[in-house]
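Residues per chain, in single letters:
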Amino acid sequence: MSQTRHNSVQIQGQTIFYREAGDPDKPTVLLLHGFPSSSAMFRDLIPALADEYHVIAPDHLGFGQSGAPSVDEFDYTFDALTGITLELLDTLGIERFALYIQDYGAPIGLRIAARHPERITAIITQSGNAYMEGFTPFWEVLFAHAGDRVTHEPEVRKLLELDATKWQYTHGVPADRLPLVSPDTWTLDQAYLDRPGNKEIQLQLFFDYKNNLDGYPGFQKYFAEHRPPMLIAWGEHDEIFGADGARAYLRDLPDAELHLLDTGHFALETHGPEIAALIRDFLGRVLA
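Overview of the structure.

Thresholds applied
- Residues numbered from 1 in each chain as written.
- Predicted model: local features only at pLDDT ≥ 70, side-chain atom pairs only at ≥ 80, totals over all residues.
- Heavy atoms only, no water.
- 1 Å grid on protein atoms, 1.4 Å probe; cavity = no way out; pocket = protein on both sides within 12 Å on 5 of 7 lines; lining within 4 Å.
- Points joined across faces, edges and corners; volume = space filled by probe spheres on them.
- Helix = DSSP H or I, 4+ residues; strand = E, 2+ residues; numbered from the N terminus.
- Buried < 20%, exposed > 50% of the residue type's maximum accessible area, 1.4 Å probe, protein only.

**With respect to empty space enclosed by the protein**
According to the stated counting rule, one finds one cavity of 30 Å³ or more in the structure shown. By volume, the largest cavity amounts to about 60 Å³. Forming the walls of the largest cavity are Ile16, Pro58, Asp59, His60, Leu61, Leu81, Ile84, Thr85 and Leu88. When residues of the lining of the largest cavity are assigned to their parent elements, the largest contribution, four residues, is made by helix H2 (residues 78–91).

Put into structure tokens, the structure is as follows:
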């Protein structure tokens, strides 16, 4: 089994941490995590893929082990995080890659794909939204906050506390699978969120999220025109990005492979071996 290597590099004057495993001469798979996690969410998936693939999983700026400059020192937008991710790929000499997107990883990864379709070999989406159908009532307060930060910030801040972090991991998970969800997940995420200044970073990204919706038509045009091979492995009971958002991909990518799993938002925690098997089968066919 290929061991995971833990590295960091300076990008735009900021420290970007990334996990890496596998032979760089093999096809690359780029894993992009979501909120409020880090590349730690891929801790089991990385070794499950690394015998056949070169796997890279960075921590976005403000998350995990990457740098977390204050909101006064860095303009936290999804465009800015996309720019850093592209520079990381260029610094590491990664030209072409399959893309795994989850939650925040979707607007970052799909910006890259739409701008540089020639670099994308395949896409795996796990609660990585690109359609309006995917939004659930969970988002109502976030979109209200985007329109009026002062009024709605107290309520939105509740999403940065332990109960909300734990809920993200446990909601939608069948009772018989709950013991598979390690409490280390929400404990680690909360420790990162509780660092001085980090909640302000997250509030800024909450505020910017509405701008991702402007990119959806471009993402959908990219799907329809370039037809990237697509694997959809999505928690059917996800109350953050609903299953309708998974089904919506089939509108522009009718050949996409759709798998709705009996779980919630962090499907890797309960269905890691199943998702790894789906990915290995999928990439083994489309990259052959």
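**Thoughts on unusual backbone geometry**
Comment: phi is negative for the bulk of residues other than glycine, and the bulk of peptide bonds are trans. The peptide bond linking Phe35 to Pro36 adopts the cis configuration, its omega dihedral lying at -5 degrees. Checked against the element boundaries, Pro36 lands in the loop between strand S3 (28–32) and helix H1 (45–49). Although it is not a glycine, Ser127 adopts a positive phi angle of roughly 55 degrees. With respect to the secondary-structure elements, Ser127 resides in the loop between strand S6 (120–125) and helix H4 (140–147). Under the relative-accessibility criterion, Ser127 is labelled buried at 0%. Positive phi values are uncommon outside glycine, yet Arg227 reaches one of about 45 degrees. By the element assignment, Arg227 lies in the loop between helix H10 (216–226) and strand S7 (230–235). Arg227 sits in the partly exposed class, given a relative accessible area of 45%.

Function-wise, these values are silent; they only describe arrangement.
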